[in-house]
Amino acid sequence: FFVEGLHYVVDWLLFPVIFYEIARRRGWLDRYPRYIAALNWINLPAIALMAAGEAILLVSPPVGQAVEFALQALFFYWFLTVTRVLLQANWVFAILLLIVNWVPSLLLSIIVDRFLGVTLLPG
């Protein structure tokens, strides 16, 4: 419980801390609070949709995997849309910010899963 709780807190704070430095260097500090707030509000429907997707995955794994893939695409699209609208960024920069958001979070999840022993990766 402690490890998962710590994982949640670090993951929740990771992108805002990284993006603060990006915003400072790009002159976007005036947009920073609105952007981070918008990304946080995306999480509310995302959690509900992901819970439904996980339920489908438990009932029907092949259908659930397709739903999980579609939800991930939807979440990426939401992120790109918020980035483009609030920061007036082009597609390339929005995709770079998506990578900056997603890769550290993925690596953190892999580390936590390996620590807890719930990963399917060998090692």
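Per chain, the residues get numbers from 1 upward, laid out in the order the sequence is written. Given that this is a predicted model, residues contribute local features only at a pLDDT of at least 70 and side-chain atom pairs are listed and counted only at 80 or more, while totals for whole chains, interfaces and linings are drawn from all residues. Processing note: side-chain calculations cover all non-hydrogen atoms of the structure and skip hydrogens and water entirely.

Student: It is not clear to me how the overall build of the chain should be interpreted in this structure. Could you clarify?
Tutor: By definition, any uninterrupted DSSP run of H or I lasting at least four residues is a helix, any uninterrupted run of E lasting at least two residues is a strand, and each is numbered from the N terminus. Check the secondary structure of the chain and you find four helices and zero strands. Reading the helices (α) and strands (β) of the chain from amino to carboxyl end gives α-α-α-α. Each principal axis of the C-alpha distribution contributes one length, and for the chain these read about 45 × 30 × 25 Å. Accessibility here uses a 1.4 Å probe with only protein chains present; expressed as a share of the type maximum, an area under 20% marks a residue as buried, one over 50% as exposed, and anything in between as partly exposed. Every one of the 123 residues in the chain was classed for burial, and the buried ones make up 24%. What makes two residues a contact is simply this: any of their non-hydrogen atoms within 4.5 Å. For the chain, contacts bridging at least 24 residues in sequence account for 55% of all contacts bridging at least 6. Both charge centroids of the chain, one from 7 positive and one from 7 negative side chains, sit 16 Å from each other. Counted as positive: Lys and Arg. Counted as negative: Asp and Glu, with His and the chain ends omitted from the count. Throughout, a charge is located at the NZ atom of Lys, the CZ atom of Arg, the CG atom of Asp or the CD atom of Glu.

Student: Is there a simple way to think about helix H1 (residues 2-26) in this case?
Tutor: Residues three or four positions apart in an α-helix share a direction because the helix packs 3.6 residues into each turn. Taking 1.5 Å of rise per residue, 25 residues should cover 36 Å, and H1 covers 36 Å from first to last C-alpha, within 8% of that figure. Those residues of H1 not exposed but buried are His-7, Phe-15, Pro-16, Phe-19 and Ala-23. Where H1 is buried, its residues contact helix H2 (32-59), helix H3 (61-87) and helix H4 (91-116). At the exit of H1 stands Gly-27, carrying a positive phi of roughly 80°. To estimate the expected span of a helix, count its residues, drop one, and scale the result by 1.5 Å.

Student: Explanation requested: the nonpolar core in the structure shown.
Tutor: Side chains that are nonpolar tend, in soluble globular proteins, to be buried together. Each nonpolar core is a collection of buried residues, namely Ala, Val, Leu, Ile, Met, Phe, Trp, Tyr and Cys, held together in the definition by side-chain atoms within 4.5 Å. If you look at the biggest cluster of nonpolar residues, it comprises 19 residues, and the most contacted ones within it are Phe-15, Phe-19, Tyr-35 and Leu-97. If near-sequence neighbours (up to four positions away) are discounted, Tyr-35 is found in contact with Phe-15, Phe-19, Phe-79, Val-82, Thr-83, Leu-86, Leu-87 and Leu-97.

Student: Where do I start with the pattern of salt bridges in this structure?
Tutor: Between side chains of opposite charge, a pair can form when the charged atoms approach closely. For this document, the term salt bridge refers to a Lys or Arg side-chain nitrogen within 4 Å of an Asp or Glu carboxyl oxygen. Evaluated as defined, the whole model comprises two salt bridges. Salt bridges sharing partners connect three or more residues here, namely Glu-21, Arg-24 and Arg-25.

So far we have only geometry, and geometry alone does not tell us how the molecule works.
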